[in-house]
Amino acid sequence: MLTKKLKIGIVCPYGWDTPGGVQNHIRDLAEFLIAAGHDVSVLAPAIDEDKLPSYVVSAGKPISIPYNGAVARVLFGPIAYARVRQWISSGNFDLLHLHEPAIPSISLLACWAAEGPMVGTFHAAAKRQKVIFAIGPILEPAIEKLNARIAVSEAARLTLTDHLETDAVVIPNGIYAKRYAEGVAQEKWQGNTIGFIGRFEEPRKGLQVLVDALPIISRFAPDVRVLVAGPGDPKDVEKQIDPQLRKRFEFLGRISEEEKADFMSSISLYVAPNTGGESFGIILAEALAGGACVVASDIPAFDSLLGGGEFGALFESENSTDLAKVVIDLLRDDKKRKDLAAAGKARSELFDWDVVAEQIFSIYEMAIVGGEGVTLGSDNRSWNRFLSRDEEKK
Amino acid sequence: MRTWLTVGFFLLLALWYLSFSAARLDRLHHRVETSWANLDVLLQKRAAIALEIAHSDLADPASSMLLTGAAYQARDAEIKNRSMAESGLSGALGLLLSDGLAHATESEQALLQELSALTAKIRIAISIHTDAVSSTVMVRKKFVVRTFRLAGNAPLPVKYEFESDVL
């Protein structure tokens with residue numbers, strides 16, 4: 001554990017107001033660091049500047065662009081760059097922690113502008129794209145300024161080695177495992193229930209696969225219910241569902257963190273039918289910590305999180321028949337389901353913040369060796385130093 | 001007039017690129033040095049712990065001798081032979097730990113715990129260092145850097161081939 005109290009600057013590339021894995025990770029990390037006595041400032045794009053927690057500094061309103069199969073709310077441009085520079089120069093940071101410095105947002109701008117101890121965390125996992133051959137040489141000088149790189153999963157690490165030819169240390173995303181373990185089972189969510197949490201309108205979350213599997217599942221388990229939580233309008237999804245099965249679906253809307261813990265403790269199965277674009281699968285770790293038995297598609301991130309099927313069942317991605325088979329098998333076999341859930345719960349302790357933060361701390365410790373704090377790169381260039389000396393003389 | 005302006009513009013651009021590359025290379029060299037210094041400190045600490053273990057009751061006289069020898073070798077080795085010496089130390093520690101854990105007292109347990117925490121850190125430090133070295137080597141191979149001798153007299157960084165799985 002770090003004994004010295006540090007001043008840490010964290011940069012979040014996505015809009016703070018929109019829910020997302022990276023934002024949640026940064027919020028939890030910042031709060032954990034503050035609780036440990038460090039001085040933390042988070043720079044993030046934000047729509048509503050009044051609603052920000054005290055440790056977040058707004059960098060301006062985010063711009064929506066399509067990225068990696070979803071809409072990303074990012075921020076760049078000359079005004080944002082000026083704000084980033086101002087934040088760095090007035091912050092007096094010992095260390096900068098940049099999230100997703102390889103996507104066009106303020107993390108990249110900060111990486112470009114700053115000089116000194118920097119750590120980068122890479123969240124995204126993507127297939128090798130041709131466009132990277134064009135972008136690579138531009139990113140390279142910025143990325144190599146990072147003293148240490150963290151990848152949140154093996155999939156993210158492979159993406160990094162493929163795209164930018166640089167290695168990273170794998171440190172998983174953190175969850176507050178205790179908070180989920182303390183969830184209380186709610187009767188309204190118990191029984192033969194299948195849970196799903198996420199922005200179900202996005203195709204890559206794969207709710208459609210579950211919808212397609214339900215006719216088969218309900219034939220073998222007539223009392224099955226599917227509980228869908230998460231923001232979005234259920235009307236479009238409901239149209240897709242067979243009218244006879246429509247009653248089997250319950251849309252709960254957005255649920256709070258406490259409700260989420262209760263939810264995970266109540267349901268029989270948690271199904272994650274995501275079709276891709278997922279790098280870590282924090283929701284699976286949360287489901288495991290809450291004691292739910294998990295069924296997930298066999299995309300690389302989920303496969304490695306579930307230890308190849310040891311801590312939760314896997315089915316072939318986008319294959320609803322296979323999903324139905326796995327679900328029916330588990331709904332019928334109580335012992336098997338409980339064993340899997342127990343193995344999963346033990347697994348989830350690896351992702352607890354106490355464990356994860358310790359690993360991040362040791363990365364910080366190594367990054368700050370030999371550094372004298374973070375400064376703006378341009379202040380150190382010889383001609384600028386020369387010019388500013390002239391000004392001082394006057 | 002116009003041609004001269006264009007030529008001047010490209011000349012400035014080339015100069016800027018040279019200065020940019022030199023700054024980049026300088027930063028990489030700095031990173032190699034600091035990451036090595038960091039790794040070196042951790043390895044020295046490990047050798048010290050190994051010596052402490054060698055002098056404790058955990059080690060029988062024979063393995064104590066082996067461990068002491070390996071620890072001193074690791075401390076004195078030149079940078080080029082370092083990885084071999086450290087691997088030797090890892091081997092000696094591994095031999096001892098495989099059968100020494102069962103009958104360890106509390107203070108010895110603490111020592112072993114310190115060792116395993118240190119090992120985890122060393123693993124990270126190695127990956128950070130090798131990464132710095134390989135990006136430096138990559139940049140130094142660039143045409144511009146070689147032709148204009150931007151690296152100056154700085155020696156090519158030594159790649160430290162420390163297999164992290166033997167730790």
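Just so we're clear, the structure is a prediction, and the values are computed from it rather than from any experiment.

### Overview of the overall build of chain B
And then number 1: Along chain B, the regular secondary structure elements total five helices and zero strands.
And then number 2: Secondary structure of chain B in N-to-C order comes out as α-α-α-α-α.
And then number 3: In summary, chain B has a C-alpha radius of gyration of 23 Å against a globular reference of 15 Å for 167 residues, an excess of more than 25%.
And then number 4: Each principal axis of the C-alpha distribution contributes one length, and for chain B these read about 85 × 25 × 20 Å.

### So, the sheet that holds strand β16 (residues 313-315) of chain A
Residues and elements named next belong to chain A.
And then number 1: Spatial ordering of the open sheet is given by β13-β12-β11-β14-β15-β16, a layout of six strands whose pairing is parallel. Unpaired on one side and paired on the other, β13 (249-253) and β16 mark the two borders of the sheet. The sheet shows a mean angle of 25° between the axes of neighbouring strands, taken without regard to direction.
And then number 2: In this sheet, strand β12 (residues 225-229) lies alongside strand β11 (residues 193-197) in parallel orientation, the contact comprising five bridges. Looking across to β12, one finds that Thr193 is bridged to Arg225.
And then number 3: Contacts from helix α7 (residues 207-220) reach β11, β12, β13, β14 (269-272) and β16 within the one sheet, and its direction differs from that of β11 by about 170°.

### A look at the interface of chain A and chain B
Note on interface size: it is often stated as the accessible area lost on association of the parts.
And then number 1: Every contact between the two is made by 20 residues of chain A and, on the other side, 20 residues of chain B.
And then number 2: A combined buried area of about 1,700 Å² lies between chain A and chain B, and 56% of that area is made up of carbon and sulfur atoms.
And then number 3: Considering only the side of chain A, the residues that lose the most area to chain B are A:Glu144, A:Met366 and A:Val369, jointly responsible for 33% of the buried surface there.
And then number 4: The closest approach of N and O atoms between B:Lys121 and A:Glu365, which form a salt bridge, is 3.3 Å.
And then number 5: Counting the contacts that link chain A with chain B gives nine residue pairs in polar contact (both at pLDDT 80 or more).
And then number 6: Looking at the side of chain A that touches chain B, the elements that each hand over two or more residues are α4 (132-143), β9 (148-151) and α14 (353-367) of chain A.
And then number 7: The dominant element in the side of chain A that touches chain B, judged by the number of residues it contributes, is α14(A), at four residues.
And then number 8: When the residues that make up the side of chain A that touches chain B are grouped by side-chain class, the tally is eight nonpolar, four polar and eight charged.

### Considerations on the packing of helix α1 (residues 2-55) of chain B against helix α2 (residues 61-76) of chain B
Residues and elements named next belong to chain B.
And then number 1: The N-to-C vectors of α1 and α2 enclose an angle of 160°; their axes lie 9 Å apart at closest approach. Of the possible angle classes, the one that applies to α1 and α2 is roughly antiparallel. In the crossing of α1 with α2, the sense of the turn from one axis to the other is left-handed. Where α1 abuts α2, its residues Gln44, Ala47, Ala48, Ala50, Leu51, Ile53 and Ala54 lie against Ser64, Leu67, Thr68, Ala71, Tyr72 and Arg75.
And then number 2: Tallied by class, residues from the contact of α1 with α2 come to nine nonpolar, three polar and one charged.

### A look at the sheet that holds strand β3 (residues 56-58) of chain A
Residues and elements named next belong to chain A.
And then number 1: Strand order in the open sheet made by the seven strands is β3-β2-β1-β6-β8-β9-β10, with parallel pairing throughout. Each of the sheet's edge strands pairs with one partner strand only, and the pair in question is β3 and β10 (169-170).
And then number 2: Across the sheet, α14 lies against β1 (7-11), β6 (95-99), β8 (118-122), β9 and β10, angled at about 125° from β6, the strand it touches most.

### Here we look at the pattern of salt bridges
And then number 1: All chains considered together, the criterion is met by 21 salt bridges over all chains.
And then number 2: Of the charged contacts, one joins B:Arg24 and A:Glu140 as a salt bridge, the two residues approaching to 3.0 Å between their closest N and O atoms. Here B:Arg24, found in helix α1, pairs with A:Glu140, found in helix α4, and the two come from separate chains.
And then number 3: On the accessibility criterion, B:Arg24 (5% relative accessible area) is buried.
And then number 4: For A:Glu140, a relative accessible area of 22% corresponds to the partly exposed category.
And then number 5: The closest approach of N and O atoms between A:Arg204 and A:Glu202, which form a salt bridge, is 3.5 Å.

### Some remarks on the domain arrangement of chain A
Residue and element names in this part refer to chain A.
And then number 1: According to the domain assignment, chain A contains domain 1 (7-174 + 352-393) and domain 2 (177-350).
And then number 2: Here the C-alpha centre of domain 2 lies 32 Å away from the C-alpha centre of domain 1.
And then number 3: Counting residues at the interface gives 19 residues for domain 1 and 14 residues for domain 2.
And then number 4: In terms of surface lost to domain 2, no three residues of domain 1 exceed Pro19, Asn173 and Asp352, which account for 35% of the buried area on that side.
And then number 5: Taken together, domain 1 and domain 2 are joined by zero salt bridges.
And then number 6: Inspection of the region where domain 1 meets domain 2 yields two residue pairs in polar contact (both at pLDDT 80 or more).
And then number 7: At the level of elements, α5 (154-164) and α14 are the ones that each hand at least two residues to the side of domain 1 that touches domain 2.
And then number 8: With three residues, the single largest contributor to the side of domain 1 that touches domain 2 is α14.
And then number 9: In terms of residue class, the side of domain 1 that touches domain 2 is built from ten nonpolar, six polar and three charged.

Quick notes on the rules
Residues numbered from 1 in each chain as written. Chains lettered and ligands numbered in written order. Predicted model: local features only at pLDDT ≥ 70, side-chain atom pairs only at ≥ 80, totals over all residues. Heavy atoms only, no water. Helix = DSSP H or I, 4+ residues; strand = E, 2+ residues; numbered from the N terminus. Rg over C-alpha atoms; globule rule 2.2 N^0.38 Å. Pairing = 2+ DSSP bridges. Axes fitted to C-alpha atoms, helices over the stretch in contact; angles between N-to-C directions. Contact = heavy atoms within 4.5 Å. Buried area = accessible area lost by both parts, 1.4 Å probe. Salt bridge = Lys/Arg side-chain N within 4 Å of Asp/Glu carboxyl O. Polar contact = N/O pair within 3.5 Å; in protein donor to acceptor, adjacent residues only side chain to side chain. Nonpolar A, V, L, I, M, F, W, Y, C, P; charged D, E, K, R; others polar. Parallel < 35°, antiparallel > 145°, perpendicular 65-115°, else oblique. Left-handed = near helix turned anticlockwise from the far one by under 90°. Buried < 20%, exposed > 50% of the residue type's maximum accessible area, 1.4 Å probe, protein only. Domains from an automatic or database assignment.

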